[in-house]
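# Understanding the architecture of this molecule
What follows is the residue order along each chain.
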Amino acid sequence: GAGVSQSPSNKVTEKGKDVELRCDPISGHTALYWYRQSLGQGLEFLIYFQGNSAPDKSGLPSDRFSAERTGGSVSTLTIQRTQQEDSAVYLCASSSTSGVWNEQFFGPGTRLTVL
Amino acid sequence: AQSVTQPDIHITVSEGASLELRCNYSYGATPYLFWYVQSPGQGLQLLLKYFSGDTLVQGIKGFEAEFKRSQSSFNLRKPSVHWSDAAEYFCAVSTSGTYKYIFGTGTRLKVLA
């Protein structure tokens, strides 16, 4: 596609429910990243995928968070047993490779609200 | 630990006025520095980046930034602001030249007509 797309754009859920957020990266990009943007905070790195390598999960805040990337393309971020502190905008980005010199292109984000 | 500080949460300028957004970083080695802009409902867009070489970096949309190692700063500037520049601006540093960016908390720019 022309850019990184994310769905849904908005998600409202009740505390304790599971949610799935989807990211479609730019076609051909091998690197994919998830970030969380909380109110008044900068972007927080969550997880990184590069090709078929094991993902870097070092930024995931708890074991309630998980992500997968199928076929080296689409990625899903899953939050189990959501808590109110999970409310944030979740941003996905992709780049052609993982080098720092390769620009990360960001999607518009999914705004998650946990009631 | 590495960190990025954007001391101004909000800045308001008149259209046509000059702009400077401040960014300070804490990082021991040579940093890889970035400025991103986020318009309402949009993803982040890269304005410019600094890796090495000339400390004055030109970016898109008429923006530039200057790397000052002695001050650990990477301030973003624009000589004449347009109403369409109203957005949130994020400074970021790459740790150890990797994909792991540390972002500042952002500066929200308001432009008065």
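Quick summary incoming for the structure in this document. (Residues numbered from 1 in each chain as written. Chains lettered and ligands numbered in written order. Predicted model: local features only at pLDDT ≥ 70, side-chain atom pairs only at ≥ 80, totals over all residues. Heavy atoms only, no water.)

### Let's talk about the overall build of chain B
What counts here: Working definition: helices are DSSP H or I runs of at least four residues, strands are E runs of at least two. Numbering for both runs from the N terminus. The globule rule used for comparison is 2.2 Å times the number of residues to the exponent 0.38, while the radius of gyration itself is calculated over C-alpha atoms. Buried means the residue's accessible area, taken with a 1.4 Å probe over protein chains only, is under 20% of the maximum for its type, while exposed means over 50%, and partly exposed covers the values in between. Between two residues, a contact is recorded if the distance between any of their heavy atoms is within 4.5 Å. Surface accessibility in these figures is a Shrake-Rupley result with a 1.4 Å probe; residues are shielded only by whichever protein chains are displayed. Positive charge is attributed to Lys and Arg, negative charge to Asp and Glu, and no charge count is given to His or to the chain ends. Lys charges are placed at NZ, Arg charges at CZ, Asp charges at CG and Glu charges at CD.
Helix and strand counts for chain B come out as zero helices and 12 strands. Beginning at the N terminus, the succession of helices and strands in chain B can be written as β-β-β-β-β-β-β-β-β-β-β-β. A compact globule built from 113 residues should have a C-alpha radius of gyration of about 13 Å, and chain B, at 13 Å, falls within 12% of that. When the backbone C-alpha atoms are referred to their principal axes, chain B occupies close to 40 × 30 × 20 Å. In chain B, which comprises 113 residues, the share counted as buried stands at 47%. Within chain B, counting contacts between residues at least 6 apart in sequence, those at least 24 apart form 53% of the total. In the form shown here, chain B has an accessible surface area of approximately 5300 Å², with 49% of it arising from carbon and sulfur atoms. Here chain B contributes 10 positive and 8 negative side-chain charges, whose respective centroids are spaced 6 Å apart.

### A short note on the overall build of chain A
Each helix and strand in chain A was counted, giving zero helices and 10 strands. If you list the helices and strands of chain A from N to C, you get β-β-β-β-β-β-β-β-β-β. For chain A, the C-alpha atoms occupy an extent of roughly 40 × 25 × 25 Å along the three principal directions. Expressed as a percentage of contacts within chain A between residues at least 6 apart in sequence, the contacts between residues at least 24 apart total 56%. Total accessible area on chain A stands at roughly 5400 Å², and carbon and sulfur atoms take up 46% of it.

### Observations concerning the nonpolar core
How we decide: By nonpolar core we mean a set of buried residues, namely Ala, Val, Leu, Ile, Met, Phe, Trp, Tyr and Cys, connected to one another through side-chain atoms within 4.5 Å.
Grouped together as the largest cluster of nonpolar side chains are 27 residues, with contacts concentrated most on B:L19, B:W35, B:L47, B:L48, B:F74, B:L76 and B:Y89. It is strand β10 (residues 87–94) of chain B that provides the largest number of residues to this core, a total of four residues. Not counting residues up to four positions away in its chain, the partners in contact with B:L47 are B:W35, B:Y36, B:V37, B:G59, B:I60, B:K61, B:F63, B:L76 and B:Y89. In this structure, A:L21, A:C23, A:F49 and A:L112 belong to the second largest nonpolar core, which totals 20 residues.

### A look at the sheet that holds strand β6 (residues 65–69) of chain A
Residue and element names in this part refer to chain A. The test is simple: In this description, strands pair whenever DSSP reports at least two bridges between them. Orientation is described by lines fitted to C-alpha atoms, with helices fitted over the stretch in contact, and by angles between N-to-C directions that extend from 0 to 180 degrees.
Strand order across the open sheet formed by four strands is β1-β3-β7-β6, with antiparallel pairing between neighbours. Each edge of the open sheet is held by one strand with a lone partner, namely β1 (5–7) and β6. Going across the sheet, the axis of each strand differs from the next one's by a mean of 15 degrees, ignoring polarity. Here β6 runs beside strand β7 (residues 75–79); their pairing, made up of five bridges, is antiparallel.

### Quick word on the layout of surface pockets
What counts here: Note on definitions: the grid is 1 Å and covers protein atoms alone; a cavity is a set of points where a 1.4 Å probe fits but cannot get out; a pocket is an open set with protein on both sides within 12 Å along at least five of seven lines; lining residues have an atom within 4 Å of a point. Grid points are joined across faces, edges and corners, and a volume is the space filled by probe spheres set on the points. Think of it as three bins: nonpolar holds Ala, Val, Leu, Ile, Met, Phe, Trp, Tyr, Cys and Pro, charged holds Asp, Glu, Lys and Arg, and polar takes everything else, Gly as well.
Looking at the largest pocket, its volume works out to about 660 Å³. What lines the largest pocket is a set of 27 residues, and nearest its centre among them are A:Q37, A:V89, A:R111, B:E88 and B:R108. Of all the elements in the fold, those that place two or more residues in the lining of the largest pocket are β8 (88–95) and β10 (110–114) of chain A together with β10 of chain B. The greatest single-element share of the lining of the largest pocket, amounting to four residues, is contributed by β10(A). Partitioning the lining of the largest pocket into residue classes produces eight nonpolar, 16 polar and three charged.

### As for the environment of A:L91
Mapped onto the fold, A:L91 is located in strand β8. The exposure class assigned to A:L91 is buried, which follows from its relative accessible area of 0%. Along the primary structure A:L91 and A:L43 are separated by 48 residues, whereas in three dimensions their C-alpha atoms are 8.5 Å apart. In this structure, A:L91 is in contact with A:Q6, A:Y33, A:W34, A:Y35, A:Q37, A:L43, A:F106, A:G107, A:P108, A:G109, B:Q38 and B:L44, ignoring residues within four places of it in sequence.

### Observations regarding the pattern of salt bridges
For the record, the criterion: By definition, a salt bridge exists where a carboxyl oxygen of Asp or Glu is found within 4 Å of a side-chain nitrogen of Lys or Arg.
Summed over all chains, the structure comprises nine salt bridges over all chains. Across the salt bridge formed by A:R22 and A:D24, the nearest N and O atoms sit 2.8 Å from each other. Note on A:R22: relative accessible area 38%, which makes it partly exposed. Given a relative accessible area of 22%, A:D24 falls into the partly exposed group. When salt bridges that share partners are traced, they join B:E64, B:E66 and B:R77 into one network.

Keep in mind that these numbers describe shape and distance, not what the molecule does.
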